[in-house]
Amino acid sequence: MAKDDENKINVLEAIKALAEERGIDEEKLISAVEEGIVTAFRREFSASKTNENVYAEIDREDGNISLYKVIEVVAEVEDPDKEISLEEAKRMDPEFEIGDEFEMSLDVENLGRLAATAAKSAISQKIREAEFERIKSEYEGRIGEMTSGKILRRDNRCVYVDIEKRNNKNFDVDTITSRTEATLSQDEKVKTENYRENAVMYFIINGVQEQKGRPSVNLSRKSPVLVTRLFELNVPEILRGEVIVYNVAREAGSRSKVAVYSRSEGVDAKGSCVGQRGQRVQAVMDALQGEKIDIVEWNEDPAIFIKEALQPAKASSVETEITVREDGTEEKTALVVVPDSQFSLAIGKSGQNVRLAAKLTGFKIDIKKESDCSSVNVDDILNDFVPEEQAEENN
């Protein structure tokens, strides 16, 4: 086999290998190479700096590269880059007439080093575009899904993750088809977590964007959705639809409150999520690197739900009020009375317990001690009390 022929075949082999490696359609890459050759010719050799009348063609069988310029036969030449006189055209073929077009073969070898560089740049751009479209089409429909991935490296801006593409949501290792590099930004990292190289973690797919000229899948470890997806993974009753995760309130890295309820008679929603000897909830906490999780029972009665949400504190009473504002939105408030001994527990460290309960229920919660409420009630009684003798004097 001649060396030139070997090189031609190698072009096709390189394109096929690149297409397989990047997960890009082979025909799109061949077209990118053809466009790159045309761009290179325009930059180095074309006086008009246009490539409307130039096209390249790579033979899909032997890899032979051809470059053509489409020339129009005219009576008088105004643009030598696009036109040829009838007289000159007839020297090549006596059958030519004015208005005819023919393809003039150009010498690809004359493209030179600069042209090759220009072609490479154009090809690289096409590859990036094709990769972006592939990743965008693949992952835009998966926003909110959970994926697992291995930490590749990190810098001051991001953690870079090798995430797995799967054909289903059950995270069966046998269904992995390819891998994609994704990024976890500073805003979506959990400060208390350790992102060590080669560690395998779970993430939520947040979106797709171009970063530094490359397509990137954006991930999150802070999203409350991650807690929901981890329970779906570890609790079969949730996957079957017997138990529903109503809402999640999360302060990532510290604590989450998860409200659940059962749709099937005889299925204990809270117990299903906790699991035997706490194994299921422990698996979720382990995946979140030790984040604490409170599982509470959702109830359609907001007062009962708020009581549940404030656990481990025990509330004595809950009064709720819903006010409709002028703009049509609702303001939900709740007055919760707790025993004096439960007050600190209800508030939580730095107000975390009541803050999460408010996020979980959607109510602005005001907590008061029983002793404070009792003193108010006594004062009200004394103020309203009028002795009999004073009443007679007033008469």
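Shown above is the structure to which this text applies.
Residues numbered from 1 in each chain as written. Predicted model: local features only at pLDDT ≥ 70, side-chain atom pairs only at ≥ 80, totals over all residues. Heavy atoms only, no water.

(A) Focus on the pattern of salt bridges. Summed over the entire model, instances satisfying the criterion amount to 13 salt bridges. Arginine 221 serves as the salt-bridge partner of glutamate 193, at 2.6 Å between the closest nitrogen and oxygen. Pair noted here: glutamate 193 is in the loop between strand S7 (176-185) and strand S8 (200-211) and arginine 221 is in the loop between strand S9 (214-220) and helix H5 (224-234), with a separation of 28 residues, a long-range link. With a relative accessible area of 0%, arginine 221 lands in the buried category. Look at the salt bridges and you will find they share partners, linking Glu27, Glu34 and Arg60 into a network. (Salt bridge = Lys/Arg side-chain N within 4 Å of Asp/Glu carboxyl O. Helix = DSSP H or I, 4+ residues; strand = E, 2+ residues; numbered from the N terminus. Buried < 20%, exposed > 50% of the residue type's maximum accessible area, 1.4 Å probe, protein only.)

(B) Summary view of the packing of helix H9 (residues 302-309) against helix H11 (residues 352-361). Where H9 contacts H11, the axes come no closer than 9 Å and their chain directions differ by 145°. For the element pair H9 and H11, the recorded crossing hand is right-handed. Contacts between H9 and H11 involve Phe305, Ile306 and Ala309 from the former and Ala357, Leu360 and Thr361 from the latter. A breakdown of the residues in the contact of H9 with H11 according to their chemical character gives 5 nonpolar, 1 polar and no charged. (Axes fitted to C-alpha atoms, helices over the stretch in contact; angles between N-to-C directions. Left-handed = near helix turned anticlockwise from the far one by under 90°. Contact = heavy atoms within 4.5 Å. Nonpolar A, V, L, I, M, F, W, Y, C, P; charged D, E, K, R; others polar.)

(C) Representation of the sheet that holds strand S15 (residues 364-369). Strands sit in the order S13-S14-S15 across an open sheet of 3 strands; the sheet is mixed. Because the sheet does not close on itself, it has two edges, and the strands there are strand S13 (317-324) and S15. For this sheet, the mean inter-axis angle between neighbouring strands, taken without regard to orientation, is 15°. In terms of strand pairing, S13 meets strand S14 (residues 330-338) through 8 bridges, oriented antiparallel. Within S14, the position partnered with valine 318 by the bridge is valine 336. On top of the sheet, H9 reaches S13, S14 and S15; it is set at about 120° to S13, its chief contact. (Pairing = 2+ DSSP bridges.)

(D) Just a negative patch on the surface, in detail. Taken together, the side chains of Glu57, Asp59, Glu61, Asp62 and Glu103 make up a negatively charged region of the molecular surface. Positionally, glutamate 61 belongs in the loop between strand S1 (54-58) and strand S2 (65-74). (Patch = residues over 30% accessible without salt bridge, like charges linked within 9 Å, V, L, I, M, F, W, Y side chains within 5 Å. Areas by Shrake-Rupley, 256 points an atom, 1.4 Å probe, with all protein chains shown as cover. Lys, Arg positive; Asp, Glu negative; His and termini not counted. Charge placed at Lys NZ, Arg CZ, Asp CG, Glu CD.)

(E) Structural context of the sheet that holds strand S11 (residues 255-262). On the basis of which strands lie adjacent, the open sheet formed by 3 strands has the order S10-S11-S12 and mixed pairing. Of all the strands in the sheet, the pair left with one neighbour each is strand S10 (243-251) and strand S12 (292-297). On average, each strand axis in the sheet is inclined to that of its neighbour by 20°, with strand direction left out of account. Both S11 and S12 contribute to a ladder of 6 bridges, which runs parallel. Looking at S12, one finds that valine 258 is bridged to isoleucine 295. Strands S10, S11 and S12 of the sheet are contacted by H9, whose axis makes an angle of about 155° with S12.

(F) Here's a closer look at the pairing of S9. Among the 7 residues that make up S9, 6 are buried, leaving the element largely enclosed by the rest of the structure. Two strands pair when backbone bridges link them, and S8 and S9 are joined in this way by 7 bridges, in the antiparallel orientation. The residue bridging glutamine 211 from the neighbouring strand is arginine 214, located in S9.

(G) Inspection of H9 at higher detail. Turning to H9, its buried residues number three or more, namely Ala303, Phe305, Ile306, Glu308 and Ala309. By the N-cap criterion, in which a side-chain oxygen at the helix start approaches the backbone nitrogen of a residue two or three places on, H9 is capped by aspartate 301, the distance to alanine 303 being 3.0 Å. (Polar contact = N/O pair within 3.5 Å; in protein donor to acceptor, adjacent residues only side chain to side chain.)

(H) Region of interest: the side chain of asparagine 53. Here asparagine 53 shows up in the loop between helix H2 (26-44) and S1. Looking at asparagine 53, the relative accessible area reads 8%, which means it is buried. Apart from residues lying up to four places away in sequence, asparagine 53 is in contact with Tyr68, Lys69, Val70, Asp81 and Lys82.

(I) How the structure looks around the packing of H5 against helix H8 (residues 279-287). With their axes 9 Å apart at the nearest point, H5 and H8 run at an angle of 135° to one another. Viewed along their axes, H5 and H8 adopt a mutual orientation that is oblique. Of the two possible hands of crossing, H5 and H8 adopt the one that is right-handed. Facing H5, whose interface residues are Leu230, Phe231 and Asn234, H8 presents Arg280, Val281, Ala283, Val284 and Ala287. The residue inventory of the contact of H5 with H8, partitioned by class, reads 6 nonpolar, 1 polar and 1 charged. (Parallel < 35°, antiparallel > 145°, perpendicular 65-115°, else oblique.)

(J) Molecular detail of unusual backbone geometry. Cis geometry is found at the peptide bond from glutamine 311 to proline 312, where omega equals 15°. By the secondary structure assignment, proline 312 is in the loop between H9 and S13. Even without a glycine there, the phi angle at arginine 277 is positive, about 55°. Looking at the element boundaries, arginine 277 is found in the loop between helix H7 (269-274) and H8. The exposure class of arginine 277 is exposed, given its relative accessible area of 70%. Despite not being glycine, glutamine 289 has its phi angle at roughly 55°, a positive value. As for its placement among the helices and strands, glutamine 289 is situated in the loop between H8 and S12.

In short, shape yes, function no, at least from these values alone.
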